[in-house]
Amino acid sequence: MKSKSVLIMLELLIMIFVFLFISAVCFRVFVASDRISHESSVRDGAVILAQNAGEILKATNGNISAVNEYLSKNIQNGKYGVKIAEIDDSQTLLGKARITVNYENDEVLSLTVCWQEVQENE
Amino acid sequence: MNNKKAVAVVVGAPSLLVIFSVLCLLIFSIISLNTANAGKRLSILSAQSTLSYYQADARANELLAMIRSGNIPDGVTERDGIYSFSCEISDVLDLSVEVSVSENGGYKILKWQSIRSNSWKADDSIDVWDGES
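Bear in mind that the values here come from a model prediction, so they are computed numbers and not experimental data.

Quick notes on the rules
- Each chain carries its own residue numbering, running from 1 in the direction its sequence is written.
- Chain letters start at A and ligand numbers start at 1, both assigned in the order the entries are written.
- In view of the model being predicted, local features appear only for residues whose pLDDT reaches at least 70, and side-chain atom pairs are presented and counted only at 80 or more, with totals across whole chains, interfaces and linings using the full set of residues.
- In computing side-chain properties, one takes all heavy atoms of the structure into account and sets aside hydrogens as well as water.
- Numbering of helices and strands runs from the N terminus; a helix is a DSSP stretch of H or I covering at least four residues, while a strand is a stretch of E covering at least two.
- Only C-alpha atoms enter the radius of gyration; for comparison, a globular chain is expected to reach 2.2 Å times N to the power 0.38, where N is the number of residues.
- Relative accessible area decides the class of each residue, using a 1.4 Å probe on protein chains only: under 20% of the type maximum gives buried, over 50% gives exposed, and in between gives partly exposed.
- Pairs of residues are marked as contacts when any of their non-hydrogen atoms sit within 4.5 Å.
- Residue burial considers only the protein chains on display, and all accessible areas are found by Shrake-Rupley using a 1.4 Å probe.
- In this charge count, Lys and Arg are treated as positive and Asp and Glu as negative; neither His nor the chain ends contribute.
- The atoms used to mark charge sites are NZ of Lys, CZ of Arg, CG of Asp and CD of Glu.
- In this description, buried area is defined as the sum, over both parts, of the accessible area (probe of 1.4 Å) that is lost when the two are combined.
- Salt bridges, as used here, are contacts in which a Lys or Arg side-chain nitrogen is within 4 Å of a carboxyl oxygen on Asp or Glu.
- Pairs of N or O atoms within 3.5 Å make up the polar contacts considered here, provided that, within protein, one atom can donate a hydrogen while the other can accept it, and that residues adjacent in sequence are counted only when both atoms are side-chain atoms.
- Lys, Arg, Asp and Glu make up the charged group, whereas Ala, Val, Leu, Ile, Met, Phe, Trp, Tyr, Cys and Pro make up the nonpolar group; the residues left over, Gly among them, are polar.
- At least two DSSP bridges between two strands are needed for those strands to be called paired.

S.K.: I would appreciate a short explanation of the overall build of chain A in the present structure.
M.R.: When helices and strands are counted, chain A shows two helices and three strands. Helices (α) and strands (β) of chain A occur, in sequence order from the N terminus, as α-α-β-β-β. Taking 2.2 N^0.38 as the reference for a compact globule, 122 residues should give roughly 14 Å; the C-alpha atoms of chain A span a radius of gyration of 27 Å, well beyond that estimate. With the C-alpha coordinates aligned to their principal axes, the bounding extent of chain A is approximately 105 × 25 × 20 Å. By the burial criterion, 37% of the 122 residues in chain A qualify as buried. Across chain A, every contact between residues at least 6 apart in sequence was considered, and the portion connecting residues at least 24 apart equals 36%. As displayed, chain A offers around 7500 Å² of accessible surface, 57% of which is attributable to carbon and sulfur atoms. On chain A, the mean spot of the 11 positive side-chain charges and the mean spot of the 15 negative ones are 18 Å from each other.

This is the structure:
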């Protein structure tokens, strides 16, 4: 009877250690999955923000205040930041800007948008 | 009289329970990692295609601005006052543009469209039923 109890205790101990070890490995995998998902979600959000800002710039012929107005209404969690820098490359009738999207001060995405400047006599 | 009740403890039951739990944990963790990686690949592809589109769009705008200024760049064809050109988005996509430009620099976009750069070819490698017996 005593030897049977020892056997059960030994088995329990070994299984607890096995369970703990594999649980730790699985926990790391779950954490890695969560981190990857979060990165993807941040990237997707940045793409949508940059795309929307770019389309507003193009539609308003480079009106940055219109973009800022849109962003102030649509960036709700405050972790994203969008910088719009107008580029002057001296090409006539063309406006150009670089849109940079940051997440918690890390740059996620950057794209260049061009639009047609309107002439006064058009 | 001996009233002691014997507690039936089966040797191996904890092992079975742990093996089952560990298998479940392993399967769920692998599935979750796979899903996350698939999402990451999709997200990167989506970001790359958006960036490629905006690069082509910027190039098309540059060409349009040059046409409006009176300089016709290489690769632009003109017929009946309509200028046509295309900018590469990716290996399989082009941004096809058609614009009419007036003398004062005004312009009207007739076409600004992503199109396939190579012609679509049906996969006829499998002999499927064509609806006729």
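Text resumes after the structure shown.
S.K.: It is not clear to me how unusual backbone geometry should be interpreted in this structure. Could you clarify?
M.R.: Leaving glycine aside, a negative phi is the common case for residues, and trans is the common case for peptide bonds. Phi at A:Leu93 takes a positive value of approximately 65°, unusual for a residue other than glycine. For A:Leu93, the location among the structural elements is in the loop between strand E1 (80-87) and strand E2 (94-103). Positioned with a positive phi, B:Asp80 is a non-glycine residue whose angle comes to about 50°. Along the chain, B:Asp80 turns up in the loop between strand E1 (77-79) and strand E2 (82-88). Take B:Asp80: its relative accessible area is 74%, and that puts it in the exposed class.

S.K.: How do you make sense of the interface of chain A and chain B when you look at a structure like this?
M.R.: How big an interface is tends to be expressed through the accessible area that disappears when the partners come together. Across the contact, 42 residues belong to chain A and 38 residues belong to chain B. Taking both sides of the interface into account, the surface hidden between chain A and chain B amounts to around 3400 Å²; carbon and sulfur atoms contribute 64%. Viewed at the interface, chain B and chain A are joined by two salt bridges. Ionic pairing is found between B:Glu62 and A:Lys96, a salt bridge with its closest N-O pair at 2.9 Å. If you look at where chain A meets chain B, you find 17 residue pairs in polar contact (both at pLDDT 80 or more). Contributing elements (two or more residues each) for the side of chain A that touches chain B: helix H1 (2-59), E2 and strand E3 (106-116) of chain A. Of all the elements, H1(A) adds the most residues to the side of chain A that touches chain B, at 24 residues. Of the residues belonging to the side of chain A that touches chain B, the class tally is 21 nonpolar, twelve polar and nine charged.

S.K.: I tried to follow the pairing of E2(A) on my own but got confused; where do I start?
M.R.: Each regular strand shows side chains that alternate between the opposite faces of the sheet. All names here are of chain A. E2 sits mainly inside the fold: nine of its ten residues count as buried. As defined by bridge partners, E1 adjoins E2 across eight bridges and the pair is classed as antiparallel. In the strand pairing of E2, Tyr 80 is matched with Tyr 103. With antiparallel pairing between neighbouring strands as the criterion, E1 and E2 make up a hairpin whose turn holds six residues, including Ser 90 at a positive phi of roughly 60°. Between E2 and E3, which pair antiparallel one after the other, the connecting turn spans two residues, and Glu 104 there sits at a positive phi close to 50°.

S.K.: Looking at this structure, I do not really get the pairing of strand E4 (residues 107-116) of chain B. What am I missing?
M.R.: Residue and element names in this part refer to chain B. In this structure, strand E3 (residues 93-101) lies alongside E4, joined through nine bridges in antiparallel fashion. In the sheet register, Val 97 faces E4, and the bridge partner there is Trp 112. As consecutive antiparallel partners, E3 and E4 are separated by five residues, and within that stretch Gly 105 has a phi angle of approximately 95°, a positive value.

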